[in-house]
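Now for the letters of each chain:
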Amino acid sequence: MPDERFADHLSFPRGRGHTPAGAVAGNAGGALCGDLVTIRLRIEGDRIADAGFDAEGCGATIAAGSAVVELLDGAHVLDAARIGTTQVADALGGLSVGKLHAADLAADALHRALGRAVRTQAAVPAPRPDGGGRTLVAMSGGVDSAVAALLSAQDATDVATVTLELWADDGHDGTQSCCSADAVRGARALAHRMGLPHFTLDLRAEFRAGVVDPWLADHARGLTPNPCVRCNGHVRLDAMLDYADRLGAATLATGHYARITPDGLLRQALDEGKDQAYMLAALAPGTIARLRFPLGELRKPQVRELAAQAGLPVARKPDSQDLCFLAGVGRAGFLARHGGPALGDVPGDVVDRDGTKLGEHRGHHHLTVGQRKGLGLTGGTGEPLHVLRTDPATNTVVVGPRAALATTHVPLRDVTLHRAPERVDRVRLRYRSHALPCTLRDGAVELHEPVHGAAPGQVACLLQGDVVVGCATIAR
Ligand SMILES: Nc1ncnc2c1ncn2[C@@H]1O[C@H](COP(=O)(O)OP(=O)(O)OP(=O)(O)O)[C@@H](O)[C@H]1O
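Starting afresh in each chain, residues are numbered from 1 along the sequence in its written order. Local features in this predicted model are restricted to residues whose pLDDT is 70 or higher, and side-chain atom pairs enter the listing and the counts only when it is 80 or higher, whereas totals over whole chains, interfaces and linings include all residues. Side-chain descriptors were evaluated using all non-hydrogen atoms of the structure, hydrogens and water having been removed beforehand.

The chain carries the name tRNA-specific 2-thiouridylase MnmA in an unreviewed UniProt entry, which gives Paraconexibacter algicola as its organism. Recorded in UniProt under Sequence similarities (unreviewed entry), the annotation for the chain is "Belongs to the MnmA/TRMU family." UniProt positions are given in the numbering used here, feature names are shortened, and annotations may be inferred rather than shown by experiment. Check the Catalytic activity (unreviewed entry) section of the UniProt entry for the chain; it says "S-sulfanyl-L-cysteinyl-[protein] + uridine(34) in tRNA + AH2 + ATP = 2-thiouridine(34) in tRNA + L-cysteinyl-[protein] + A + AMP + diphosphate + H(+)".

(A) Broad picture of the environment of Thr 85. Tracing the chain through its elements places Thr 85 in helix 4 (residues 85–91). Note: C-alpha distance between Thr 85 and Leu 105 (20 residues apart in sequence) is 8.2 Å. With near-sequence residues (within four places) excluded, Thr 85 lies in contact with Leu 100, Ala 103, Asp 104 and Ala 107. Whenever a nitrogen or oxygen atom comes within 3.5 Å of another N or O atom, the pair is scored as a polar contact, on the condition that within protein one atom can donate a hydrogen and the other can accept it, and that pairs from neighbouring residues in sequence are kept only if both atoms are in side chains. A polar atom in the side chain of Thr 85 sits 2.7 Å from the side chain of Asp 104. Only DSSP runs of H or I reaching four residues or more are called helices, and only runs of E reaching two or more are called strands; each is numbered from the N terminus. The contact definition used throughout considers only heavy atoms, calling two residues in contact when any of these lie within 4.5 Å.

(B) The UniProt feature "domain: tRNA-specific 2-thiouridylase MnmA-like C-terminal" (unreviewed entry) in the chain, seen in detail. Residues annotated by UniProt as "domain: tRNA-specific 2-thiouridylase MnmA-like C-terminal" (unreviewed entry) correspond here to residues 426–474. From the first C-alpha to the last, residues 426–474 spans 15 Å; its make-up is 0% helix and 65% strand.

(C) Region of interest: the packing of aromatic side chains. Each aromatic pair joins two rings of Phe, Tyr and Trp (for Trp, the six-membered one) with centres within 6.5 Å, and gets the label stacked for planes under 30 degrees apart, edge-to-face for over 60, and tilted for any other angle. Scanning all chains against the criterion turns up eight aromatic pairs. Ring centres of Trp 167 and Phe 325 lie 6.3 Å apart, and the angle between their planes is 55 degrees; this geometry places the pair in the tilted category. Here Trp 167, found in the loop between strand 5 (158–165) and helix 7 (182–193), pairs with Phe 325, found in the loop between helix 11 (300–309) and helix 12 (330–338); they are 158 residues apart in sequence, far enough to count as distant. Phe 325 carries the same exposure label as Trp 167, and that label is buried. A connected cluster of aromatic rings, assembled from ring pairs, spans Trp 167, Phe 207, Trp 215, Phe 325 and Phe 334. Criterion for a charge above a ring: Arg CZ or Lys NZ at most 6 Å from the ring centre, at most 35 degrees from the ring normal. In this structure, Lys 99 is placed above the aromatic ring of Phe 6, and the distance from its NZ or CZ to the ring centre is 5.2 Å. When a residue's accessible area, from a 1.4 Å probe over protein chains only, is under 20% of the maximum for its type it is buried; when over 50% it is exposed; and in between it is partly exposed.

(D) Inspection of the site of the ligand at higher detail. Think of it this way: one heavy atom of a residue within 4 Å of a molecule or strand is enough to make that residue near it. The full set close to the ligand counts 16 residues, and Ala 138, Ser 140, Ser 145, Gln 276 and Ser 320 are the nearest of them. Val 143 places a main-chain nitrogen or oxygen 3.2 Å from an oxygen atom of the ligand. Between an oxygen atom of the ligand and a main-chain N or O atom of Gly 255, the distance comes to 2.9 Å. Exposure was quantified through the Shrake-Rupley algorithm and a 1.4 Å probe, taking into account, for residues, occlusion by the shown protein chains and nothing else. Its free accessible area being 580 Å², the ligand has 84% of it covered by the protein chains. Residue assignment for the shell around the ligand shows that the elements contributing at least two residues are helix 6 (143–155) and strand 5. Partitioned by chemical class, the residues of the shell around the ligand number five nonpolar, nine polar and two charged. Classification convention: Asp, Glu, Lys, Arg as charged; Ala, Val, Leu, Ile, Met, Phe, Trp, Tyr, Cys, Pro as nonpolar; all other residues, Gly among them, as polar.

(E) Geometry of the pairing of strand 14 (residues 396–400). Of all five residues that make up strand 14, five are buried, and the element is covered over most of its length. Pairing of strand 11 (residues 348–351) with strand 14 involves two bridges; the strand directions are parallel. Within strand 14, the residue paired with Val 351 across the bridge is Val 398. Here five bridges tie strand 13 (residues 386–391) to strand 14, and the two strands are oriented antiparallel to one another. Bridge assignment links Thr 390 to a residue of strand 14, and that residue is Val 397. A strand pair is defined by DSSP finding two or more bridges across the two strands. Count of turn residues in the strand 13/strand 14 antiparallel hairpin: four residues, of which Asn 395 carries a positive phi of about 55 degrees.

(F) Examining the sheet that holds strand 5 more closely. Here five strands make up an open sheet; going across it, the order is 6-5-4-7-10 and the pairing parallel. Unpaired on one side and paired on the other, strand 6 (198–202) and strand 10 (291–292) mark the two borders of the sheet. Pairing of strand 7 (residues 251–253) with strand 10, which is carried by two bridges, proceeds in the parallel orientation. Bridging from a neighbouring strand, Ala 253 pairs with Arg 292 of strand 10. Lines fitted to the C-alpha atoms define the axes, with helices restricted to the stretch that makes contact. Angles between their N-to-C directions range from 0 to 180 degrees. Sheet strands touched by helix 6: strand 4 (134–138), strand 5 and strand 7. Its angle to strand 4, the strand with the most contacts, is close to 170 degrees. Contacting strand 5 and strand 6, helix 7 runs over the sheet at an angle of about 160 degrees to strand 6.

(G) Spotlight on the nonpolar core. Counting residues in hydrophobic clusters, the biggest one holds 92 residues, and the most contacted among them are Leu 41, Leu 72, Leu 114, Phe 199 and Phe 325. Discounting residues that sit within four places of it in the chain, Phe 199 has contacts with Val 77, Leu 78, Ala 81, Leu 114, Val 118, Ala 160, Thr 161, Val 162, Thr 163, Tyr 243 and Leu 247. Of all hydrophobic cores here, the second largest spans 25 residues; its members include Val 147, Leu 150, Leu 295 and Leu 312. Within this scheme, the nonpolar core is defined by two criteria: the residues are buried Ala, Val, Leu, Ile, Met, Phe, Trp, Tyr or Cys, and they are joined through side-chain atoms within 4.5 Å.

(H) Seen up close, unusual backbone geometry. Unusually for a residue other than glycine, Asn 395 sits at a positive phi of about 55 degrees. Inspection of the secondary structure assignment puts Asn 395 in the loop between strand 13 and strand 14. Backbone geometry places Asp 442, a non-glycine residue, at a positive phi of 50 degrees. You can see Asp 442 is positioned in the loop between strand 17 (436–441) and strand 18 (444–452). A relative accessible area of 77% places Asp 442 in the exposed class.

(I) Here's a closer look at the domain arrangement of the chain. By convention here, the domain bounds are inherited from an automatic or database domain assignment. Here the chain is described as being made up of domain 1 (4–120), domain 2 (134–326), domain 3 (345–400) and domain 4 (405–474). Domain 3 and domain 4 are separated by 26 Å when their C-alpha centres are compared. Domain 3 puts six residues into the contact, and the matching count from domain 4 is six residues. Just to be clear on terms, a salt bridge is a Lys or Arg side-chain nitrogen sitting within 4 Å of an Asp or Glu carboxyl oxygen. Between the two partners, domain 3 and domain 4, sit zero salt bridges. At the boundary of domain 3 with domain 4, the tally comes to one residue pair in polar contact (both at pLDDT 80 or more).

In structure tokens, the structure reads:
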């Protein structure tokens, strides 16, 4: 027997077919599962001013859409962000496992609409200054950002969370798939479990234009780009800070392993093996001033322990390994699928330093300076060969012994410095590589010891000790 609340929503759906003036819509479900929910809402200031819905499919879908509209009635934006599958199901008197799917869809549609509406309509005041302020925590669904949220909630009086939807394969959106992006859902469930409001910020268009397209273009130009540095520096942190403004949050906390010096510069994390200051090197000082890194003084095992103590299901979740948009397809698969004609597989010559052909490759963009694996070649003496340089104009790859990669002179472009150039005494030329003693002179770093292979396109993180004092790109 369905609960009478369920029957009531089904018989008298609240706001069905209603489109509030100035509404922002969010969809979930679609062709694959046959159920589709659309939630429409308008925010004024810090409240949901009006909401309506449409639903196709089973009765539970209609009841769930109606329950969301009722839950939203006059709700504070931060309370609306606490509504998840459980709240929708509870509002219907509980749902059987088979019908929970309807509550999932309605919650997904709500969060798509809410996430978009906050971007353009919300103006949530900051909490009273004596109350400790509000922090927005960037939650990926992994253990690091979950613990960052946990620690922020212990510190700040008021915490909200946000997850970015950055990438969905072509044709995969809320209306065609039965599920929203898994990561976003997982992060939302985690935030709700901690009692925190959760927002979804759809940055797919900005991410494609500001990160993926330049990454593809750099590959076509024979460079080895760092999309994460670009993403942090020019796309996601700025977008999340704008979002924080809308939600009255003065600060943004992330699960990055990094620290901030008293004079506002980035500093490497205590846990050197996890340090991510390199990934954040392109941030402007104004951005850094609003960031908090609650994990900067912790080591990874401590972070996992904190998560376990708090009963978070992600305590043992493995770390993410690769670029987020390559998940499931890998680099070569992604290039084949999204690279277009400029990055199609076109065989070219592998030559030695004298231009003698040694073999063939399937496209220069699959190879990067310093690379040994994947060439399938050894030199005449049996010595392994490495990529010395790639030439996109002729689709030629030049190889040689490791010794030929050695250099002490690394030319730079797009140098940004936050302190005088004389203060640069170390440089990191790759993520997860050691910092190398150096001097910065005439737009290049002069290394005190040779390095084997500095790949054009990679970021050079300019350090004074363990403090990031600048950033540049390695030039050809
Ligand atoms: N999709 C996302 N939405 C919101 N914040 C994100 C997202 N992806 C990453 N972040 C933020 O950036 C931080 C560093 O991201 P990174 O990809 O390095 O994740 P990570 O070290 O595996 O952390 P986590 O364990 O939290 O996934 C995260 O801890 C989180 O605060």
